[in-house]
Amino acid sequence: MTIGTMFQDIVESFFKKHATRLYPEERIAPPQRYRGVLSYSPSACTGCSLCVKDCPSDAIELVILDRAAKKYVVKYHMDRCIYCGQCVVNCKFKCIGMSNQDWEHAALDKKFMVYYGRDEDIASYLENGAPPAAKTTGK
Amino acid sequence: MNIETTLQQAEGLLAPWNKEATHPESNRLDVVIASGSLRHAVTALHNAHWGYLSAITGLDLGADAGQMEALYHFCFGAALTTLRIRLPRTALALPTIEDIIPPATFFERELHEMLGFKIAGTKSNDRLFIPDDWPDEVFPLRADFSIEQAKPVEGRQTDEVLEAGVVGGNKFVVPIGPQHPALKEPGHFEFSVDGEIVTAARMRLGYAHRGIEKAAEGRNWIQNLYLFERICGICSHTHSLAYCLGVEKLAHVEVSTRAQAIRELVAGLERIHSHLLWLGVAAHEAGFDTLFMYSWRDRETVMNLLEQLTGNRVNYSANVLGGVKCDIGLEQATAIKEGLNFLETRIRHYLEVVTTDTMFLNRTRGIGTISYTEAEEFGLLGPTARASGLVRDVRVEAPYGAYKQFPISAVTETNGDLEARCAVRLNELLVSCFAIRAIIDNLPQGPLTVKMPRKIPAGETISRVEAPRGELFYYIKSNGTEHPARIHVRTPSLCNWVSVLEKAVGRQLADVPMLIAGMDPCFSCNDRMITTVDRSGSRQTLSWTQLRERGIEYYRK
Amino acid sequence: MSALTSLTSLLIFPAGLTLILFGMFYEWVDRKLVARFQNRVGPRWFQPFADIVKLLAKEQITPKVVNPFLFFGLPVIAVSGALTAALYVPLIGFAPVRSFTGDLIVTIYLLSLLTLCIGLAGWNTSSRFSLIGATRALTQLFAYEAPFLLALLGPALAAGTWQINLINDYARGHWMAISQPVGFVVALIGLMGKLELPPFDAPEAETEIVAGALTEYSGRGLALFKVGKSIELIVGITLVSAFYLGGLHGVLPFLAKTLGVLFLMAMLQSLLTRLRIDQTVGMWWRFGSILVLAQILLTIVLKGDLL
């Protein structure tokens, strides 16, 4: 009759440090491949919209203000994103990426829309909306 | 016996009722029969011990075609025989086969509730997946279903307060679920007890139903990959693997050996994750919280490995259609090997604890014993079946992907009780560790992904994969566009519920949570469809209290 | 004793308020020890106090079918039973506040009053889970009560008296854990049964019957029951360590010995799986009773020899 098979574990643990990490005082660095929040640079973008087409949760919208001048605004719904990384896989020009540092986005209010692009493009989009000739892709 | 002779044997058995036989793939046989000969055909296959009933799929061939089809899938090793029955939409009558094959009852109820097939002769017509206030005659998976039809029916929700526990005579009903500390996910069980001994058991599923099969029809193939991955958190990789294997078969795309090996590696790591989680849950149900804490602490190691490899701890998204996303470099390989060293020591320790600790054995030895014949009859799958000596393991019987190059040996026990199930799962992990090391040391070279077309050619395919809980069955039908026509998922937990219901009777109430935990239920896998939120945000709301009270009220009659 | 001293010793120190605070402290030590054994952090020192304060602030939901007199009265009776039992044991190393011949039996029965109240409360609220929990609690009471009482009887026999403070004085210098080891073991394990600690927590098995007899209690009622349980913890440990570990005379010996017993109990809690109720009863009536009876017989024989 064997009783107390975990005796050694118990005694060892009493003298060891606890296995819990005291977040937020103690933060572990996420690994390099971690899929955090989106990052986007309009300079390499061509407006092909493959990232928008295959997003499982319609989290990303591409507003093309001027294709030739590479004026793009990406509207990113941070709450809809499921951090799958399909947009990154689809992009042939490496203009979309997923940060591995920026992932702590629990919030108390629901303003989750993030705009990416050059500051002047975002400002002009927010003021004037999309120009009539421009195409907005996204559902 | 190889696949060809097996299929020929099946064709021979079904000859008297065979209207048309085809071989859509090299390991499959499709036989069209009339609904009247269904029972004869099933009895013939059953009496000849030709495999087991794996799933029953219902297809809506379109409102214009005016027909629906029911597919009965039987699996024998790597060979698959499907009985196809075509019926007009106005006359969807089928005889039941639950007296010949007991687990068919769950499949038939799903057929009825989702598509409206009328199954004659069933023992109980209780609703299984659909809530009580779902309108009658509205079937969600039909092609002409629209969300406006799904308005809740007033008056079927009961708001009265529960009476005192005694119900009629000396029948005392203890409800477990939908909210109960024993359950990690909602499900409803009713156990009638007499003192502490259980006298009858009933169950109700569908509380985590999300409408995934219906939702899949509106998304393209790539989006569906992520949808199906999220059917379950701890078998997510196997779901996405089954989906990818099926779609790649349809597109006639051959994935590189390197990608296949990486897929098997992630599947092995996921199995370690899943079984360690299960060990903790089973220990917690037994009251052995120390084992629970330690096994979940060690599970952190494997989750960190997966995070390092794929980028996420749960829902890894390692697969893409045509290959994998993540490569294994030197850094990952070293980390995995170190992690495995630690995990193997701990797994061996837990194996010792589980098989020698007298007090834990008091709760597991000799409890919920299922013999070999019973396991066959109940149609059990996965480690629950292997603990009774029944070798049902798709990785061994019908190896897919890299399992031909890096095979897995089947682990079985003979006792069939809860202790045997613990031992089977832990031994499986040791086998997995061995296979993972072999893969890392002999990783084939090659590209990670292969080009996949966006429009998948028309056709039907079946892919079977071994999830940590048993055989996962995917039926995928494409009609040549960017959206699938029908995807049917049959998860292993659905087949294993019979073991709980049958074995709970006659045992103590205290053993019931252990029995439920012993078959490693995954409710998220079970429930896959009811109406969900549509784009405008309207949703069908059912409060938990109402669900619970309704469930109890319903079964009290 | 003047009325003021009586009231102070009754309500503030060493019984009453101090007792409640000490009870919470011991509950914290127990939870912290179990957590450290499981490689976790464990709660901070004020956690049990915070739990009680939170519960007092919450709404008390009264089921429709209860007898309101019993529903509100039982927690009060339970706590008063526990508080009264504390008057006769050497709390915090000081002499018992009250003492008379035969107070050992009274104390033990006052402690059982707590379990009886829990059982009645479960029956009264009559939800399915609380009925099963109440049945199990009372079954367990019948199981361990006799061996536990007999285990405390051993030192009483050796000391030749039924009065707790006299036994306490006799125990000074006589470590009965050494002279009556079997009795010590049975007393310790019996204490775990009395307190419904794992492995004997079938009456409140969280994974089977939600919270057992106290399922439908919330707010003030639950807070009072919890206070009662933590007092029972302290009183039980004080009894066992006073009898078997050489008496409690002074604050430091009190702390050292009771915390030592608590440490042992925490270790046993982490090591063992929960027993089913039928296994508990079987074990107690087969092993517990026989062992302790043998021990008592041995004590009687030896004492007879010595006299």
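Because the structure is a prediction, the values reported are computed rather than measured. (Residues numbered from 1 in each chain as written. Chains lettered and ligands numbered in written order. Predicted model: local features only at pLDDT ≥ 70, side-chain atom pairs only at ≥ 80, totals over all residues. Heavy atoms only, no water.)

*Asks:* Before we move on, could you go through the sheet that holds strand β15 (residues 470-478) of chain B and cite the residues and values that matter?
*Replies:* All names here are of chain B. An order of β14-β15-β16 is seen for the three strands of this open sheet, with the pairing classed as antiparallel. The outermost strands of the open sheet, each flanked by one partner alone, are β14 (459-467) and β16 (484-490). Within this sheet the neighbouring strands show an average axis-to-axis angle of 15°, counted without direction. By the bridge criterion, nine bridges tie β14 to β15 in an arrangement that is antiparallel. The residue bridging R464 from the neighbouring strand is F473, located in β15. (Pairing = 2+ DSSP bridges. Helix = DSSP H or I, 4+ residues; strand = E, 2+ residues; numbered from the N terminus. Axes fitted to C-alpha atoms, helices over the stretch in contact; angles between N-to-C directions.)

*Asks:* So, empty space enclosed by the protein: which residues are in play, and what are the values?
*Replies:* Residue and element names in this part refer to chain A. Overall, the coordinates contain 11 cavities of 30 Å³ or more when judged by the stated rule. Of the pockets and cavities examined, the largest cavity occupies roughly 110 Å³. As for the largest cavity, its lining consists of 16 residues, of which C55, A59, C81, C84 and C87 are closest to the centre. Of the residues in the lining of the largest cavity, the class split is 13 nonpolar, three polar and no charged. Of the volumes computed, that of the second largest cavity is approximately 90 Å³. Residue lining of the second largest cavity: Y40, C45, T46, G47, C48, S49, L50, C51, C91, F93, C95 and I96, and that is the complete set. (1 Å grid on protein atoms, 1.4 Å probe; cavity = no way out; pocket = protein on both sides within 12 Å on 5 of 7 lines; lining within 4 Å. Points joined across faces, edges and corners; volume = space filled by probe spheres on them. Nonpolar A, V, L, I, M, F, W, Y, C, P; charged D, E, K, R; others polar.)

*Asks:* Can you explain the domain arrangement of chain B? Please cite residues and give values.
*Replies:* Interface size is commonly expressed as the accessible surface area that is lost when the partners come together. All names here are of chain B. According to the domain assignment, chain B contains domain 1 (3-150), domain 2 (161-209 + 496-556) and domain 3 (212-490). Each side of the interface is counted separately: domain 1 has 29 residues, and domain 3 has 23 residues. For the domain 1 and domain 3 pair, buried surface summed over both sides reaches about 2,000 Å², with 53% attributable to carbon and sulfur atoms. Put simply, domain 1 and domain 3 have three salt bridges between them. Where E460 meets R84, a salt bridge forms, and the shortest distance between an N and an O atom there is 2.8 Å. Taken together, the links from domain 1 to domain 3 amount to 12 residue pairs in polar contact (both at pLDDT 80 or more). Mapped by element, the contributors of at least two residues to the side of domain 1 that touches domain 3 are β2 (28-32), β3 (52-60), β4 (67-76), β5 (79-88) and α3 (104-115). Ranked by residue count, the leading element in the side of domain 1 that touches domain 3 is β3, at seven residues. Residue composition of the side of domain 1 that touches domain 3, grouped by class: 16 nonpolar, seven polar and six charged. (Domains from an automatic or database assignment. Contact = heavy atoms within 4.5 Å. Buried area = accessible area lost by both parts, 1.4 Å probe. Salt bridge = Lys/Arg side-chain N within 4 Å of Asp/Glu carboxyl O. Polar contact = N/O pair within 3.5 Å; in protein donor to acceptor, adjacent residues only side chain to side chain.)

*Asks:* I'd like a description of the interface of chain A and chain B, backed by residues and values.
*Replies:* Contacts between chain A and chain B engage 27 residues on the former and 36 residues on the latter. Taken as a group, M6, R33 and R35 of chain A account for 27% of the area that chain A buries against chain B, more than any other trio of residues on that side. Summed over the shared surface of chain A and chain B, the result is three salt bridges. A salt bridge links K53 of chain A to E482 of chain B, with the nearest nitrogen and oxygen atoms 4.0 Å apart. Where chain A meets chain B, there are 21 residue pairs in polar contact (both at pLDDT 80 or more). For the side of chain A that touches chain B, the secondary structure elements donating two or more residues are α1 (7-15), α2 (50-53) and α3 (86-90) of chain A. Examining the composition of the side of chain A that touches chain B, we find that three residues originate from one element, α1 of chain A, more than from any other.

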